[in-house]
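These are the residues of each chain, in order.
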Amino acid sequence: MIPNKNDGKTLTKNIYQTMKKSFALLTTIAASIALIACSPDTTVTSPDGRIRTSVALNEEGVPALTIAVDGQPLLEAPQLGLEADGVNLASGFSLDKVDAAQHDETWTQPWGENREIRDCHHEIAVRMHNTEGVSLVLRVRAFDDGVGFRYEYDTPVDSLRLTDEHTMFRFAQDGLSWSIDGNYDTYELPYREQPISAVARANTPFTFRIGNLYGSIHEAALYDYPEMHLLREDSLTFKAELAPLPDGVKARLAGRFTTPWRSVQIADRAVDLINSSLILNLNEPSKIADTSWIRPQKYVGVWWGMHLGTQVWTMGPRHGATTENAIRHIDFAAANNIQGVLFEGWNRGWENWGGNQQFDYVEPYADFDLERIAAYAREKGIELWMHNETGGNIPDYEANMERAMKRYAELGIHTLKTGYAGGFRDGYSHHSQYGVQHYQRVVELAAKYHIMLDAHEPIKETGIRRTWPNMMTREGARGMEWNAWSEGNSSEYLCTLPFVRLLSGPMDYTPGIFDIYYDRAKADPGRIQWNGDNTHCSIKTTLARQIANWVIIYSPLQMAADLIENYEGHPAFRFFRDFDADCDWSEALQGEIGAYIVVARRAGERFFLGAGTNADARTLDQPLDFLQPGVTYTARIYADDVNSPLRTAYRIEERRVTAADSLRIEMAADGGCAVSFEPVNKHNE
Ligand code: NOJ
Ligand code: CA
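Residues numbered from 1 in each chain as written. Chains lettered and ligands numbered in written order. Predicted model: local features only at pLDDT ≥ 70, side-chain atom pairs only at ≥ 80, totals over all residues. Heavy atoms only, no water.

Visitor: What is the right way to read the site of ligand 1 from this model?
Guide: As a matter of local geometry, ligand 1 sits amid 13 residues, with His307, Glu344, Glu389, Lys417 and His456 nearest to it. Note that an oxygen atom of ligand 1 is positioned 2.8 Å from one of the side-chain N or O atoms of His307. For ligand 1, an oxygen atom lies 3.2 Å from a polar atom in the side chain of Glu481. In the complex, 97% of the free accessible area of ligand 1, which totals 300 Å², lies under the protein chains. Across the shell around ligand 1, the residue classes tally to four nonpolar, three polar and six charged. (Near = heavy atom within 4 Å. Polar contact = N/O pair within 3.5 Å; in protein donor to acceptor, adjacent residues only side chain to side chain. Areas by Shrake-Rupley, 256 points an atom, 1.4 Å probe, with all protein chains shown as cover. Nonpolar A, V, L, I, M, F, W, Y, C, P; charged D, E, K, R; others polar.)

Okay, here's the thing in structure tokens:
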């Protein structure tokens, strides 16, 4: 954890005052559950000594775990264990032995917020067996930025029907939390800022602040198991609730399995939750040996018009994915330093969306000459993206996806956006073990055909991008589309997203709409309403904030989502032209949840900064000490025109700066600021 440099002045809720007063009254919550000290040592401490995690068994042989920070209890799991048909994995345990280990390694990834990541942790593997002869291992890792623990099971039985997971999370005291509701089919839900004690049910990441500490509960390495959300048991206790299969069973597992990690990030500053690599460190190294074909991209596409209602996915006079439009987009990308182009509605079957959900993943519509377009894209050095909307029809997609990917590979296509906008069949939910297995099958098949993935309506990110680096980005929260046909995403939502959903990994938010009030769409008399009333809709932030989101919302596949005609000739589009989606270092510099955020990234010798505020206009001073010392940079600043009430009003300023300077960031209400830094002359001192 990094010492708190931030005065957090926007967080003035009374609850914090109450929490501070009651901090001194904290008793060791572990004492309340009659724990029996285990011998040998079942405690593991983070390398910096601040986070201490202890495992113990109570009188019934039920395992439990406590997490304390700086000697103060933060969270405990008063009960651990699993429930399975015919096998007791929950009680009667006694301790066999504890294996302790230490690990310190710096590993590199082919892409990511940071090229290099340090994994430094202490570990214990608590080996137990119970009265029925069942063995279970509880593996716990303590890092300076949090804790992970998981169950490992290895017995001679062939298979197991898992009916429940008993993991509990009990907070030592109340605090504030930020989360979406727990739901087994969607993550496209608004954030709630609530006292922890008021949360009935929440999905993860579940971000909280208790006293001066920030934290977030999530899971890492989710494979062949349902997702977990948190269900309240009593005021400060939550149970790990698993998405069920249609018959109520939570998972069908082999006789040997490890569960996903249950993770708790811990930080002194809100932004250090973002700067943590805990989730990636809890995942396994890459299973793809040659990653040279996996490359971050900026992209544009035939997409926003459909959401605005000026184009359609199906063939007809308003069809977006036509050969002519494809060529126009490829030319635009080639002229603007953009690597990829996405086409939605290129393939037959969109008439069936919302009906029998049957799409053809190989045959293009007659007005989309796929072979010609693919050849033209190759000639221009542009990556052509395919799009597979499945409507949630998993059996049909699984039957056809290999043939489709094979065809894309033949055409030289390396990037695929998938979508699951529709309920799964036969009572299966998106986030159940069935869903997790399906999403993973797609990842592994895509790797076989050297295809990078962008999944919409996905399973939550749990860091599997480390192991499967072709799993580039995903949606899994309310993205830009919500601005086209609903009340939209507020600036407060955008200031919450980095501290909750984005802790899990990259998001394909599809940022960067410049036509803030949809003037072009409104001028179109034939505009349709395809997903409810869209007449009142608009972008809820300033244009400068739309630019800043390209930096703030990390995605290795980063879209400029507006209609390309809204970018043509626009001075502010220079930022995206200059921007590099392939960064090698990142840091969230300052911010408070739901209030504001400042992020910097480096790509080669250049740096990019993005800042955003909520509905409050805000001025921040940002030291530029992240820049390379001794180098002078041209800073190109894209800022709100704070004197104008229009969200489209912005100014561009150019200035020479060095690492010794500080930048004053002035943001309008719902505003932001983006800066690109380009070296003028290196080592000029
Ligand atoms: C929902 C996705 O999030 C969006 O990006 C896509 O355009 C539609 N489904 C259609 O597939
Ligand atoms: Ca969506």
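Visitor: How should I be thinking about the coordination of the calcium ion (ligand 2) in this particular structure?
Guide: Octahedral metal centres with six donors ideally show angles of 90 or 180 degrees, and tetrahedral centres with four donors ideally show 109.5 degrees. Around the calcium ion (ligand 2), the protein supplies Glu188 (OE), Glu188 (OE), Glu457 (OE), Glu475 (OE), Glu475 (OE) and Glu481 (OE) as donor atoms, at distances of 2.3 to 3.2 Å. Each donor residue of the calcium ion (ligand 2) lies on one chain, and together they are spaced E-x268-E-x17-E-x5-E. Of this pair, Glu188 sits in the loop between β12 (176–179) and β13 (192–195) while Glu475 sits in the loop between β26 (471–474) and α9 (482–485), and the two are 287 residues apart along the sequence. Like Glu188, the residue Glu475 is buried in the burial classification. (Donors = N, O, S within 2.8 Å, 3.2 Å for Na, K, Ca; no water. Helix = DSSP H or I, 4+ residues; strand = E, 2+ residues; numbered from the N terminus. Buried < 20%, exposed > 50% of the residue type's maximum accessible area, 1.4 Å probe, protein only.)

Visitor: How should I be thinking about the sheet that holds strand β22 (residues 340–343) in this particular structure?
Guide: Here seven strands make up an open sheet; going across it, the order is β26-β25-β24-β23-β22-β21-β27 and the pairing parallel. With one partner strand each, in any of the chains shown, β26 and β27 (557–559) form the two edges of the open sheet. Between one strand and the next, the sheet's axes are offset by a mean angle of 30°, whatever the strand orientation. Direction of pairing for β22 relative to strand β23 (residues 383–389): parallel, over a ladder of three bridges. Bridging from a neighbouring strand, Val341 pairs with Leu384 of β23. (Pairing = 2+ DSSP bridges. Axes fitted to C-alpha atoms, helices over the stretch in contact; angles between N-to-C directions.)

Visitor: Can you walk me through the packing of aromatic side chains in this structure?
Guide: The description of an aromatic ring pair uses the distance of the two centres, along with the angle that the planes make with each other. For the structure on display, the rule yields 45 aromatic pairs. For the ring pair Tyr428 and Tyr434, a centre distance of 3.7 Å and an interplane angle of 15° mean the geometry is stacked. Looking at Tyr434, the relative accessible area reads 17%, which means it is buried. Ring centres 5.6 Å apart and planes at 35° place the aromatic pair Phe573 and Phe576 in the tilted group. With relative accessibility at 0%, the residue Phe576 sits in the buried group. Through a chain of ring-to-ring contacts, three or more aromatic side chains come together here, namely Phe332, Phe514, Trp550, Tyr567, Phe573, Phe575, Phe576, Phe579, Phe608 and Tyr638. We note Lys298 situated over the ring of Phe576; from NZ or CZ to the ring centre the distance is 5.3 Å. Here the basic side chain of Arg466 rests over the ring of Trp107, its NZ or CZ set 3.6 Å away from the ring centre. (Phe/Tyr/Trp six-rings, centres within 6.5 Å; stacked < 30°, edge-to-face > 60°. Lys NZ or Arg CZ within 6 Å of the ring centre and 35° of its normal.)

Visitor: Just to check I follow, could you spell out helix α5 (residues 323–335) for this structure?
Guide: Since there are 3.6 residues in each turn of an α-helix, residues three or four apart along the chain are aligned in direction. In a regular helix each residue adds 1.5 Å, so 13 residues correspond to 18 Å; α5 covers 18 Å between its end C-alpha atoms and thus fits that length. On its buried face, α5 sits against β21 (297–302), β22 and α6 (370–380). Just downstream of α5, Asn337 is the residue with a positive phi angle, here 60°. (Expected span 1.5 Å × (residues − 1). Contact = heavy atoms within 4.5 Å.)

Visitor: Can you walk me through the side chain of Gln440 in this structure?
Guide: The topology assignment puts Gln440 in helix α8 (residues 433–448). Residue Gln440 is classed as buried on the basis of its relative accessible area, which comes to 11%.

Visitor: Help me out: how do you make sense of the pattern of salt bridges in this one?
Guide: A side chain of one charge can pair with a side chain of the opposite charge if their charged atoms are brought near each other. All chains considered together, the criterion is met by 44 salt bridges. A salt bridge links Arg256 to Asp154, with the shortest nitrogen-to-oxygen separation between them at 3.1 Å. One end of the pair, Arg256, is in strand β19 (residues 251–258); the other, Asp154, is in strand β10 (residues 146–165), with 102 residues separating them in the sequence. On the accessibility criterion, Asp154 (47% relative accessible area) is partly exposed. One salt bridge in this structure joins Lys460 and Glu227, with 3.9 Å as the shortest N-O distance. Taken together, the residues span a long stretch of sequence, with Lys460 in the loop between β25 (452–455) and β26 and Glu227 in the loop between β16 (213–220) and β17 (228–234) at a distance of 233 residues. The class of Glu227 is buried, set by a relative accessible area of 0%. One network of salt bridges, in which partners are shared, links Glu123, Arg139, Arg141, Arg150 and Glu152. (Salt bridge = Lys/Arg side-chain N within 4 Å of Asp/Glu carboxyl O.)

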